[in-house]
Amino acid sequence: MTTTLTTQRTSTRRPGGQRFLHWVAVHSLGIALGLMFALPVLFVLLTAVMTDQQALTADLWPREWRFDNFATVFEAAPMLDFFVNSVLYSVAATVGMLISSIPAAYALARLRWRGSNVGFMLVIAAMMLPPQVVAVPLYSMWADLGLTGTLWPLIVPYLVGDAFSIFLLRQFFLTIPQDYLDAARVDGCSEFRILYQVLLPMIRPGIAAAALFTFLYTWNDYFGPLLYTGTNEESWTLSLGLSMFRNTHKVDWNLTMAATVLTILPVIVLFVFAQKTFIRGITFTGVK
Amino acid sequence: MTRAITDTRRAGAPLTSDTPKRRRSLSRHHRGWLLLFLAPWAIGLTVFFLYPLAATLWYSFTDFDGLATPGFVGLRNYVYLFAKDPVVATAAYNTVWLVAVLTVCRVAFALAVASVLARLKRGVGLVRTLCYLPSLVPPVAATITFVFIMAPEGPVSTVLGWLGIEGPLWFSDPALAKPALVLLTLWGSGEIMIIILAALLDVPKELHEAAQLDGAGPWSRFRNITLPSIAPVLLFAVVNTIVFALQYFTQAVVAGSVASGSTFPVGSTRVIGYPADSTLTFTARMFDEGFRAYHMGYASAMAVLLFLVSFAFTAVLIRQLRARSPEAVRS
């Protein structure tokens, strides 16, 4: 029905009035979508500044604004320790990833060696592997080393190459024309100088994207911290601490929401400063 | 990796750049760099991918409990897994349910939102940001957010109340807990939206205009022009969602724990799957068996099954990547 109707409508050029209606319809939908995505966070923000009594009611708007809830959260749970652990995990993993993955991505994208195709397939296989599949042997390995309960089992894998980052960086390396590499080789540059002085400046957006995604992935990680640090509260990250927040401290919804806001905040700040890098990085990961 | 490099050296084949015309042999010096560049990743691949995969396979045939030397038990774990474990059957059902429903809903929803975004003329930036931002929210925070807004006294019930509808219990109702997880996941599917949006914007406008002149309606244009152009991206979105849903863990475990309101810590056996095992996913059960009950041999058998299923879907993606020029994926 609709199909035939619209067929008739569009078979000639759309008259001005109809085009206006179309414009209004699409933009109303756009506004509705924007609201739909924003509302949950808005409710969280509003509840985070309510009193503990009001947070239990069906009210949507705070009667008195309790901004000190954000300070109380730090007394209710060791949020600062969680925050420090999250920063340690994310920063160490990101830096380690860059050092180990950039050269590997370069070797996979730009150097010809027998097995480079197999190497690339292994990268994809490792990237798509559910982390739970290899959890048992890795857990017992770290337990044998006496390192469960610390952040080491989370960080070390990034020091020896991260499959997704290698994949993403490889995509960026492939966009560089071969002539640049040839010219550098003719000039007698070593592979190391080619990589660090010629190519790195050219793939800066790729490096930024890989760093952002690694930071975000580790910041949001829940399975890893639960598995390796679950029994030792001193090593909990923000995500893990937040998940335990309501249960272990028996605190109210308003404080739980305030803690939720504090966990989300760094990610939002990161996005505000690096919006373009995010969007470009994502479109680079889709199959074109 | 290392072996492949040694072979090359022995055969005396030069490491060449892209085209045979530019064939230029790299010196021993360059091969040294290649080895150095690949070494960290080769170690990582061995220690954190190949070894644990092999070890998981071995453990799946043992009664490993995390402490004692594993004893070989043959196929016992697999027999129990496929024939005798009623709980794992529930868990597998929940995961298959999520895979089926999420794949359809997430891809369709992302496509619908991206189609609206592609038609917006004003305010695209703002709306796109609002649609994308929730996908950055840490899953634990997003889950707590949804459990709160869908709680009996929460905003969703309040708004439904204004409309005269009595809000359901969502995360505390065994029949609605999984649909609630789906809503939560759709809210955070901004990455897929952005990827599909980019593909939609890449569809040549002239094709649409030409078809429109020929009298093709919107549906016909969508089917014959848009769909074929964005098919590779949709396939990627489908595989990505399947692999994502197969390992669905965080949202299910956190939602069960927070909604139960109990004081047991998250990940405790007592709260996984609340309410009534309706959010007990395959990976949640595996975690429970392996790291709460220390049935690590049995958990390994579950891991092998999960690996085989997810690898089958990854293989589809790899085949596509091989067929087309090496482009992209994201886990």
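Residues numbered from 1 in each chain as written. Chains lettered and ligands numbered in written order. Predicted model: local features only at pLDDT ≥ 70, side-chain atom pairs only at ≥ 80, totals over all residues.

Peer 1: Help me get a handle on the overall build of chain B, residues and values and all.
Peer 2: Counting its secondary structure elements, chain B contains 14 helices and zero strands. The proportion of buried residues among the 331 residues of chain B is 46%. Sequence-distant contacts, at least 24 apart, represent 66% of the contacts inside chain B between residues at least 6 apart. (Helix = DSSP H or I, 4+ residues; strand = E, 2+ residues; numbered from the N terminus. Buried ≥ 20, exposed ≤ 12 C-beta atoms within 10 Å, placed from the backbone. Contact = placed C-beta atoms within 7 Å.)

Peer 1: Talk me through the packing of helix 5 (residues 79-110) of chain A against helix 12 (residues 204-220) of chain A; I want residue IDs and the actual numbers.
Peer 2: Between two packed helices, what matters for the description is the angle formed by their axes and the separation of those axes. Residues and elements named next belong to chain A. Remark: helix 5 packs on helix 12, axes separated minimally by 9 Å, with the N-to-C direction vectors making an angle of 145 degrees. By crossing handedness, the relation of helix 5 to helix 12 is classed as right-handed. Taking contact as the criterion, the partners of Ser86, Tyr89, Ser90, Ala93, Thr94, Met97 and Leu98 in helix 5 are, on helix 12, Ile207, Ala211, Thr214, Phe215, Thr218 and Trp219. When the residues that make up the contact of helix 5 with helix 12 are grouped by side-chain class, the tally is eight nonpolar, five polar and no charged. (Axes fitted to C-alpha atoms, helices over the stretch in contact; angles between N-to-C directions. Left-handed = near helix turned anticlockwise from the far one by under 90°. Nonpolar A, V, L, I, M, F, W, Y, C, P; charged D, E, K, R; others polar.)

Peer 1: Lay out helix 4 (residues 86-119) of chain B in plain terms, naming residues and giving numbers.
Peer 2: An ideal rise of 1.5 Å per residue puts 50 Å on 34 residues; helix 4 of chain B measures up with 49 Å between its terminal C-alpha atoms. At Leu102 of chain B, helix 4 of chain B shows its largest kink, close to 30 degrees. (Expected span 1.5 Å × (residues − 1). Bend = angle between axes of the 7 residues up to and from the residue.)

Peer 1: Quick one: what's the story with the environment of Leu195 of chain A, residue by residue and with numbers?
Peer 2: Secondary-structure assignment places Leu195 of chain A in helix 11 (residues 191-199). Residues Leu195 of chain A and Ala76 of chain A, 119 residues apart in the sequence, show an inter-C-alpha distance of 49 Å.

Peer 1: Break down the environment of Ala209 of chain A for me, citing the residues and quoting the values.
Peer 2: Residue and element names in this part refer to chain A. Relative to the helices and strands, Ala209 resides in helix 12. The exposure class of Ala209 is buried, given the 27 C-beta atoms found within 10 Å. Residues within four places of Ala209 in sequence aside, it is in contact with Leu168, Thr277, Arg280, Gly281 and Phe284.

Peer 1: Just give me the short version of the UniProt feature "transmembrane region" (unreviewed entry) in chain B, but keep the residues and values in it.
Peer 2: The UniProt record annotates "transmembrane region" (unreviewed entry) at residues 32-54, 96-118, 130-151, 180-201, 230-249 and 296-318 of chain B. The span residues 180-201 of chain B is 91% helical and 0% strand by assignment, and the distance between its end C-alpha atoms comes to 32 Å. (UniProt positions renumbered as here; feature names shortened; annotations may be inferred.)

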